[in-house]
Amino acid sequence: MEIKQLHDWKVSASRAIEIQKELAAKVITENRFGKIQYVAGIDIGFPKNKETARAAVTLLNFPELKLLEYVVTDSLVAFPYVPGLLSFREIPAIIEALKELKTEPDIILCDGQGIAHPRKFGLASHLGLILDKPTIGVAKSRLFGSFDYTPCKKGEWTSLRNSDHEEIGAVLCTRDNVKPLYISIGHKISLQSSIEIVLKCIIKYRLPETTRTAHQLASKKTPLSISDNGADTIHI
DNA sequence: GCGACAG
DNA sequence: ATCTTGTCGC
């Protein structure tokens, strides 16, 4: 797949913020895709130290959700973790893993926020622009925005809004009585479609966690299942 | 000034 | 994110 070099990655925090402000205007918040045949999930881990990132990518067919492919790569990261600048730390490592994917995904679920971000430009939106491909932000915790109540029944969700009351994402419950996921538009997809796709990917298992299993396969522990916060278990 | 803060 | 002890619910 084509990977655009939109800017330098070795930048200062203040420059990174400027880049985000410039690129945020290019994010498309409506559906710009056809038939979805392949969906990819990406997760990053730091198994050794803060400088070595292990990126795991899983590729499933859709909507069957059969695991067709997974790749795991290790790479050095230079940018520190700064709330709001996560993409500058993780995307270079994500790109390395995506390069090894044989099949090109039609849509990518990212672990992190999309436009539910202080500058409307989270990791999912950033990756979406680089690949010019639909992406969805699927975060395990809140970064920005507020909501009225915490949904606790499967499929239930509530809007995540900024201080101007604009809907910037959704707090979505994917299983009964389990911590909700924070869904937001990455690029080239509407919030409604993002929610629908995330729910479809979760019927069999939660795709983001599937990627974590790939991490474990890479570390040769080869588990048959993993548990997410003790409340959700997936199997491959 | 004081918290909050994706991974 | 990562590490790790203690507690709660099914």
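As shown above, the structure is provided for reference.
The structure reproduced in this document is the subject of the present report. Here the structure is a predicted model, which is why all the values come from computation and not from measurement. (Residues numbered from 1 in each chain as written. Chains lettered and ligands numbered in written order. Predicted model: local features only at pLDDT ≥ 70, side-chain atom pairs only at ≥ 80, totals over all residues.)

Looking at the overall build of chain A
The secondary structure content of chain A amounts to five helices and ten strands. Within chain A, the proportion of its 236 residues that are buried is 42%. Sequence-distant contacts in chain A: of pairs separated by 6 or more residues, those separated by 24 or more amount to 61%. (Helix = DSSP H or I, 4+ residues; strand = E, 2+ residues; numbered from the N terminus. Buried ≥ 20, exposed ≤ 12 C-beta atoms within 10 Å, placed from the backbone. Contact = placed C-beta atoms within 7 Å.)

What about the pairing of strand 6 (residues 157–161)?
Judged from the five bridges that link them, strand 6 and strand 7 (residues 167–172) form a sheet pairing that is antiparallel. Pairing of Thr158 across the sheet is with Val171, part of strand 7. Hairpin connection from strand 6 to strand 7: five residues lie between these consecutive antiparallel strands, with His165 at a positive phi of about 70°. (Pairing = 2+ DSSP bridges.)

Details of the environment of Ser12
Tracing the backbone through its elements, the reader meets Ser12 in the segment before helix 1 (13–24). Judged by local crowding, Ser12 falls into the exposed class, with 9 C-beta atoms found within 10 Å. When the C-alpha atoms of Ser12 and Phe79 are compared, they prove to be 8.8 Å apart, with 67 residues separating the residues in sequence.

Considerations on the nonpolar core
In terms of nonpolar packing, the biggest core is built from 57 residues, with Ala55, Val57, Ile94, Cys110, Leu127, Ile136 and Val198 touching the most fellow members. The residues touching Ile94, leaving out its near neighbours within four places in the chain, are Ile42, Ile44, Ala55 and Leu127. (Core = buried A, V, L, I, M, F, W, Y, C linked by C-beta atoms within 7 Å.)

Side note on the protein's contact with DNA strand C
Lining the immediate surroundings of DNA strand C are Gly45, Phe46, Pro47 and Lys140. Taken together, the residues of the surface near DNA strand C sort by class into two nonpolar, one polar and one charged. (Near = placed C-beta within 6 Å. Nonpolar A, V, L, I, M, F, W, Y, C, P; charged D, E, K, R; others polar.)

Focus on helix 2 (residues 86–99)
Helix length check: helix 2, at 14 residues, gives a terminal C-alpha distance of 20 Å against a target of 20 Å (1.5 Å per residue), a fit within 8%. Pro92 marks where helix 2 bends most, by close to 25°. Most of helix 2 is tucked away: ten of the 14 residues are buried. Those residues of helix 2 that sit buried are Leu86, Ser87, Phe88, Arg89, Glu90, Ile91, Ala93, Ile94, Ala97 and Leu98. Tucked into the core, helix 2 has its buried residues touching helix 1, strand 1 (38–45), strand 2 (52–61), strand 3 (67–76) and helix 3 (123–131). (Expected span 1.5 Å × (residues − 1). Bend = angle between axes of the 7 residues up to and from the residue.)

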